[in-house]
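Here's the letter readout for the chains.
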Amino acid sequence: MHLLIKFTQKLRNTMLFLIFAMSCTQAAAYNFYANYEVLFNGYDYFSGDAYPHFVIKAARMSGDGSRIAFAGGRFIDGATTVDYKLFIVDFNGDNLVEIPLPTDTKIEDIAINDDGSRFFFSTPWWQAKIYKVDITENPVIAQLTDIINLNDFPGKADYTMPIRTTARGDWIYFTRRHASSGGGGILRLPHTGTGTAEIVVDDTQVPVQGGNTGWEVERFDISDDGSSILFSLEGYRNADSNLISKRGWFTKTATGFHQLTPTDKAALEQGLISGNGEKVVFTDYSNEYQYISANTDGSSRVEFQDRGYNNVVGMLTFDGNKMFYADHVAKTGRIANTDGSGGMHPLPSHDVNSIAVDVDAFPQISNNASRVSFVNNSQLYAGIFNPDIHWVSKAPSIPTMNFDPLYMFEEADAQVKLTTQPVGKAAAVSRVSLNNIHQGKFYSWDGLSYGFARHPVDSGTGPDLVADDGIYSAIAAKASHYTGPETYATVAHLGVMDELGNLTVADKTLWRSTPDPVCIEPLTVLSNFTTIYVATLCSSSDLISFVSTILLDGRFLTIVSPVTTLGNGFSVKSGAILRVLPAK
């Protein structure tokens, strides 16, 4: 189908700029494009040992996405981790450095600052220490310092997990629990570990609904400057000083304490606060199957995403608008919009016969949502979204993803052939997968009116013409038994993995269309009440196909003839299909 457009000179100039910009990066050819590299592979790390695999037990990425600190060791007898090692690595895989640890030191948690120049780690309760690591550049040198011995605090302390630091890394926050009487709050010390610890949250001063007072902080998270804190209490004391064990989520902000979990509901494991200190995400038994977002004062509460049986803590972007987490329902990673408006799958769906890259632990996302890291089995992955032309990746490339014909037509027996010729870089291509995505979620082939039923093959069978020529083929077809609403857009979610586990993902929309277009009357489109262009629309029904990118990035549009007003940032991307409704 075609769209004939009479452009104004201003729009012509805009088009030239967009075409030039899109030609500068391969990622621009797709809705979404991501490279994932294996930065560390712990499989058979202790070669020759009865327990040869290195298991990652803690990992944190800096807020700017430039560096990752991680630790682990040999996992023996299915229960104990020994021979701990601590590493740092740049996001691009450079400067993998092991940091020598004191004898028999074990690591519980890691907290890293925004630019990756400093991080801290805590040890188990019986070692009760917090260490600092400062990192210099050119060359990369890590200096480890023992800064805090929790056994030096009055009343003792037997709990050192979790720890947090600020974006600048100038403070270290930790919990203290009295070994004899229980109870305890959140403390902080300067990064040097010197001076008197400041009590940031005193559990006995936390007001709990019903005239009760708090008891024992367990989990917590802080904003980038430490001014806003999310924390859970293990319980509370009633007016008679009786201890009630009922965990709940609270915040402390400039306006005081705020109770997020109703007193009659228990909190669950998840709890995150955004870097800007404005939004929190948590889980409780108000609805144990959903992630809940709210402002830090508890307002604007939204149950925004299915939780499933996931207990792996995710991570928020700086503004708190997105959360990257382990989606154990789809057995992969997912990025959810915390306002409830949906999300996206940046990785392939788990498939043992194709690509199975699960987010098993420590999902991390950069402040601007352009980078992630996570642990899959014994592997540490780093992923970058829609990289520019300057990014050099070891992951495979996907130069093209072609549809023939360009659209899924209306006939019941209509089919579209997908072909792609991925290129391995660090190693040969070993696996290729293909998922259907609609409105940000995975769907089986028969869950939509049309889609792909099988992964692409290079076997010379089915849709593939020549075996082992590097060209992979798959077929999209109508689902004959589908009875749901008509699908107008199915995203082909293509994954390509090499022999080392490096992975690239590309998304491209396969639109529904109709053959033999017929032109209708010219349509004037307005943007902020200013005429941008006059278009002659060609269609065989009420579906319009744009074959060129028109304006800047934005969302889908319903055109109401004869005049439609567009908001700022509207775009029509190549292949977009729009519905035209009669004017009211």
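Values in this document were obtained by computation on a predicted structure and should not be read as measured data. (Residues numbered from 1 in each chain as written. Predicted model: local features only at pLDDT ≥ 70, side-chain atom pairs only at ≥ 80, totals over all residues. Heavy atoms only, no water.)

K.L.:
Which parts of the structure should I look at to understand the packing of aromatic side chains?
P.N.:
For the structure shown, the criterion picks out 23 aromatic pairs. Arranged with centres 4.9 Å apart and planes meeting at 15°, the rings of F121 and Y131 form a pair that is stacked. Of this pair, F121 sits in strand β8 (residues 118–122) while Y131 sits in strand β9 (residues 129–136), placing them 10 residues apart in sequence. Judged by its relative accessible area of 6%, Y131 is buried. With centroids separated by 5.8 Å and ring planes inclined at 15°, the aromatic side chains of F231 and F250 adopt a geometry described as stacked. Taken together, the residues F231 in strand β17 (residues 229–237) and F250 in strand β19 (residues 248–253) connect sequence positions 19 residues apart. Of the two residues, F231 and F250, neither departs from the other in class, the shared state being buried. Three or more aromatic residues joined by ring pairs make a cluster, and in this case those are F32, Y36, F324, F374, Y381 and F385. The ring centre of F91 lies 4.4 Å from the NZ or CZ of R371, which sits over that ring. (Phe/Tyr/Trp six-rings, centres within 6.5 Å; stacked < 30°, edge-to-face > 60°. Helix = DSSP H or I, 4+ residues; strand = E, 2+ residues; numbered from the N terminus. Buried < 20%, exposed > 50% of the residue type's maximum accessible area, 1.4 Å probe, protein only. Lys NZ or Arg CZ within 6 Å of the ring centre and 35° of its normal.)

K.L.:
What's the story with the sheet that holds strand β2 (residues 32–41) in this structure? I'm lost.
P.N.:
Strand pairing within a sheet occurs via backbone hydrogen bonds; the two strands may be parallel or antiparallel. The strand order across the open sheet formed by eight strands is β29-β30-β31-β2-β39-β38-β34-β35, and the pairing between neighbours is antiparallel. At either margin of the open sheet sits one strand with a lone partner, and together these are β29 (361–365) and β35 (441–443). The average undirected angle you get between the axes of adjacent strands in this sheet is 25°. In this sheet, strand β31 (residues 379–385) lies alongside β2 in antiparallel orientation, the contact comprising seven bridges. The residue bridging A34 from the neighbouring strand is F385, located in β31. (Pairing = 2+ DSSP bridges. Axes fitted to C-alpha atoms, helices over the stretch in contact; angles between N-to-C directions.)

K.L.:
What is the right way to read the pairing of strand β3 (residues 54–61) from this model?
P.N.:
One face of the sheet, then the other: side chains in a regular strand alternate in exactly this way. Bridge analysis of β3 against strand β4 (residues 67–76) gives seven bridges, and the strand direction is antiparallel. Of the residues in β4, the one forming a bridge with V55 is G73. In this antiparallel pair of consecutive strands, β3 and β4, the connection spans five residues, and G65 shows a positive phi of 75°.

K.L.:
What is the right way to look at the pattern of salt bridges in this model?
P.N.:
Think of it this way: side chains of opposite charge can pair up when their charged atoms draw near. In this structure the tally under the stated criterion is 17 salt bridges. Residue D109 pairs with R60 through a salt bridge whose shortest N-O separation is 3.3 Å. Linking D109 in strand β7 (residues 109–112) with R60 in strand β3, this pair joins segments that are 49 residues apart in sequence. Given a relative accessible area of 4%, D109 falls into the buried group. Taking the relative accessible area as the measure of exposure, R60 reaches 21% and is therefore partly exposed. Taking the shortest distance from any N to any O, the salt bridge between K132 and D134 comes out at 3.3 Å. Look at K132 and you get buried, because its relative accessible area is 7%. According to the relative accessible area criterion, D134 is partly exposed, its value standing at 21%. (Salt bridge = Lys/Arg side-chain N within 4 Å of Asp/Glu carboxyl O.)

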